[in-house]
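Summary of structural features
What follows is each chain in one-letter form.
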Amino acid sequence: MRLDRFLSNLPRFNRQQVRLLLVQKRVRVDGLTVADPQHEVREFSQVEVDEEVLQAGRPPRYFMLHKPQGCVSATRDPEHRTVLDLIDEPDAAELHIAGRLDFNTTGLMILTNDGQWSRRLTQPQTKLPKVYYVETEQLIGPEYAETFARGLYFAFENLTTQPATLELLGPRRARLSIVEGRYHQVKRMFGHFDNKVLRLHREAMGPLLLDEQLAPGEYRPLRDEEICRI
Ligand code: URA
């Protein structure tokens, strides 16, 4: 958000007062005096006026988790263990999930407190492929790849899925790459052929690959170079 908007959204300053504060160089963002009303204030920026902290700065945090089966992709659940229960970090409750997985789906899950960053990772417009390993009950026919590449109509949402890529790995095994994350998308795509998905595992989200060193239930912070790739 722009600095002038951030300040005038506070009940204590009107727009004119904000202009004055900036001209008088009384505003500091992350320790530096800022007079530019368009300066970007992030949820992590520390904002001060006359040395009074109006928003405390805090670090953005990013984690990669190997989601196990039987665990809910939610921050809270009355019945089941959640992915957040697996994260032993201070203020874990301020993290959110970037791209949910079903209860029995395993694999790469990203948790962060950086909303702008996670939107870039998940929104279909950025077209970052989400790659899934799939095992099915029935044989996967040659017609699947063409149908998935064309897109499937989902009546509930009244939309056609974006082109997806299917790589056959065996008679009942495949790797599917999709750029969006509609509700139960992979299961519904195979469901179009009445083929039940028996195992689903997310291997990658864009340039982020599940770390093979992580056993199910384990997690680690993302490395700087991984964060910068999104
Ligand atoms: N598609 C599904 O159907 N389930 C998941 O968990 C992820 C993608």
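Residues numbered from 1 in each chain as written. Predicted model: local features only at pLDDT ≥ 70, side-chain atom pairs only at ≥ 80, totals over all residues. Heavy atoms only, no water.

What UniProt calls "domain: RNA-binding S4" (unreviewed entry) maps, in this numbering, to residues 1–58. Secondary structure across residues 1–58 comprises 26% helix and 21% strand; the distance between its end C-alpha atoms is 16 Å. (UniProt positions renumbered as here; feature names shortened; annotations may be inferred. Helix = DSSP H or I, 4+ residues; strand = E, 2+ residues; numbered from the N terminus.)

We now examine the sheet that holds strand β4 (residues 52–55). Spatial ordering of the open sheet is given by β2-β1-β3-β4, a layout of four strands whose pairing is antiparallel. Looking at strand neighbours, the two that pair on one side only are β2 (32–33) and β4, the edges of this open sheet. Relative to β4, strand β3 (residues 47–49) is paired through three bridges, and the arrangement is antiparallel. Along β4, the bridge assignment pairs Val-47 with Gln-55. (Pairing = 2+ DSSP bridges.)

A separate point is the pairing of strand β11 (residues 165–170). Sheet topology note: the β11/strand β12 (residues 173–178) ladder contains five bridges and is antiparallel. Looking across to β12, one finds that Leu-168 is bridged to Ala-174. The turn linking β11 back onto β12 is made up of two residues.

As a further point, take the pattern of salt bridges. Summed over the entire model, instances satisfying the criterion amount to 17 salt bridges. In this structure, Glu-167 and Arg-175 form a salt bridge, with 3.5 Å as the shortest nitrogen-oxygen distance. Across the pair Arg-220 and Glu-226 runs a salt bridge, and its minimum N-O distance is 2.9 Å. Where salt bridges share partners, they join Asp-211, Arg-220, Arg-223 and Glu-226 into one cluster. (Salt bridge = Lys/Arg side-chain N within 4 Å of Asp/Glu carboxyl O.)

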